[in-house]
Amino acid sequence: MTKAEVQRRLRDYILKDLIRNPSYPLADDEALIKGGLLDSLDMARLAVFVEAEFGVYLPDSDLTVQAMNTLEQMADQVLKRAAP
Amino acid sequence: MARTLTAGELRASAERWAAGMARLGVRQGDLIVLALPHSVELVVAFWAALSLGALPTIFPYPSARLGPGVFQDQIETLVVRAEAHFLLTQPDQQSELSSRLEQLGCRVTAADSLLGQAVPIRDPLGARARTDPRAAYVQFSSGTTGLQKGVILSHRAVLNNLQAIAGRVGLTEEDVVICWLPLNHDMGLVSGVLLPVVSGALGVLISPFQWVRDPGVLFRAIRTYHGTICWMPNFAFNHCVHGMRERDLEGLDLRGMRAFFNASEPVRYDSLMLFWDRFAPYGLQRRALGSSYGMAEVTAAATISPMETPPRVDWVALEDLQRDRRATPVEAQSAGATALVSSGRPVQGVEVQIVDGQDRPLPPRRIGQILVRSNAGLMGYRGTPPPDALDLESGWLHSGDLGYLAEGDLFVTGRIRDLIISGGRNIYPEDLETVAGGIPGLRPGRAVAFAIDDPEAGTEAIVLVAELRETVPEAQRLEIEREVRRRMTQTLDVTLSDLRLVGRDWVIKTSSGKVARSANREKYLSEA
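Residues numbered from 1 in each chain as written. Chains lettered and ligands numbered in written order. Predicted model: local features only at pLDDT ≥ 70, side-chain atom pairs only at ≥ 80, totals over all residues.

1. Things to note about the interface of chain B and chain A
Piece 1. Facing the 21 residues of chain B at the interface are 19 residues of chain A.
Piece 2. At the level of elements, α7 (208-213), α9 (234-242) and α13 (474-492) of chain B are the ones that each hand at least two residues to the side of chain B that touches chain A.
Piece 3. Of the residues that constitute the side of chain B that touches chain A, the class distribution is 6 nonpolar, 8 polar and 7 charged. (Contact = placed C-beta atoms within 7 Å. Helix = DSSP H or I, 4+ residues; strand = E, 2+ residues; numbered from the N terminus. Nonpolar A, V, L, I, M, F, W, Y, C, P; charged D, E, K, R; others polar.)

Written out as structure tokens, the structure reads:
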């Protein structure tokens, strides 16, 4: 799984199910949490999605502003915890 | 790591903290702000202040999304508004807050410097307090621009409400109350701390920050501690379904849960059914779904549903409800029918009535304002009364909520005020509009915030419509949009569900120049 692929699937989910605006021009380095697009409730849902979609368990201690603020960071977290 | 505190340990710790507070100069009647994380220390500090006869008030600990300085600004606003004498905080906040607050007459102390030799303390909220008319603590509502309400509650009032809640729930020492609500929230403080301590039940506190990221922690706590009772707002019922991981369902057994009370925001039938469908296979009993209605002005609870029965659902004609403000019973699931869930019946010491716009009582099944009279009512407000202060004269509190009574059950249908209740939090549209007014590119005084229904989340979603100063290219428009969202998050901890930037004179104002929120909401929905 490439980072670009993970990022694309995360982006699709976030735009469709969390932001609920598929045409929003979300940048890869855009601050999702600090930028006011996602809140903590969304992070829980994202973790459920990541586990179902990629089979990757993100512990709640990783679902923080510091670790998951941008699409790029999210993809890095998923790949870091994915089985090799 | 979980930490356990027995009643004796709470008392012993509170004695040491109370000694430290007394040495600091805290005296009876002084207001002490507790700006501490959700922790054992917070509970102990609260108990210590109570025991000295000082008035503790718990300040919401900031979310990580808030911008730098915002937490300090909010504390300063509260200290001024509440005329606070003392503030207890974390060591890393102490010097900055000191430099801001000492000149306002508020002494700032780091919590870890407080511990001294224990001195025996009187028993707060003990048997002797049952008739004590003096103030116990101050419950502040959320809000940032001075709209917060500081509700002063007496020992007697708090004990009356605790007794009434315990009576309706049939609470015993065998019960285990699980609470993830923040302790600055009236229902969090009452259900998570006061009720367990006073009744002898076990209280299990979970960090609200952890619960929101991982709602499974609630169910793990129920399993570990054999939980029996839990209060949470409506949105949480949805979040427990949408945010739960499969792994948290393994081995889950909810047969011991006596009640999940839905409280603090309007109860939704769909949310209860969603929760029921998901958790019934794990032993959740239908009679364990409950509901409650209340407000800080009556300590916490005014009504609670009876135990041992499923919540009462009233199927009524939607058209009559909206057009005639009347709840006409119709067949369940029939065309044009909508389901309303009872918020329960008045608890002991509480009366509820429904009145029209002239405060005349309305018959059953007619919608009007909900009035509450309680032996757990507030003494008054701390500092300047808020704009929507409740009228204390008659003892009947005007809730600002709309509802009806049917066969003794209270059904809440809406509210008169423009207040937004989202995710269990009260949010004032004025706060959002004020912040929008300060953003470059937007016209000051030409923004409007309101709530729209979000059935999936089981709460209200927040919409902001704001007029641009001038027509701008798309890229610049996107920049302004990002700035608005950023500021709403970093200054108010609010996530906008929709933001619409509009041209000049879109926003409707009243003849007196005020923003007409409901008219703007109608216009927004008609254009959606």
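There's plenty left to go through after this.
2. Quick notes on the domain arrangement of chain B
Often the size quoted for an interface is simply the accessible area lost on bringing the parts together.
All names here are of chain B.
Piece 1. Along its sequence, chain B is organised into domain 1 (7-124), domain 2 (165-415) and domain 3 (420-527).
Piece 2. Computed over C-alpha atoms only, the centres of domain 1 and domain 3 are separated by 35 Å.
Piece 3. With 5 residues of domain 1 in contact, the opposing surface of domain 3 contributes 4 residues.
Piece 4. Here the residues of the side of domain 1 that touches domain 3 sort into 2 nonpolar, 2 polar and 1 charged. (Domains from an automatic or database assignment.)

3. Let's talk about the environment of B:Arg325
Residues and elements named next belong to chain B.
Piece 1. Within the secondary structure, Arg325 sits in the loop between α11 (318-324) and β14 (337-341).
Piece 2. In this structure Arg325 comes out as partly exposed when scored by C-beta crowding, with 17 C-beta atoms within 10 Å.
Piece 3. Separated by 77 residues in the primary sequence, Arg325 and Leu402 place their C-alpha atoms 9.8 Å from one another.
Piece 4. With residues near it in sequence (within four places) discarded, Arg325 still touches Arg366 and Ile367. (Buried ≥ 20, exposed ≤ 12 C-beta atoms within 10 Å, placed from the backbone.)

4. Side note on unusual backbone geometry
Piece 1. Of note in the backbone geometry, A:Arg20 takes a positive phi value of approximately 55° without being a glycine.
Piece 2. Within the fold, A:Arg20 resides in the loop between α1 (3-18) and α2 (40-54).
Piece 3. A positive phi angle, close to 65°, is found at B:Asp359, a residue other than glycine.
Piece 4. Mapped onto the elements, B:Asp359 comes out in the loop between β16 (350-355) and β17 (368-374).

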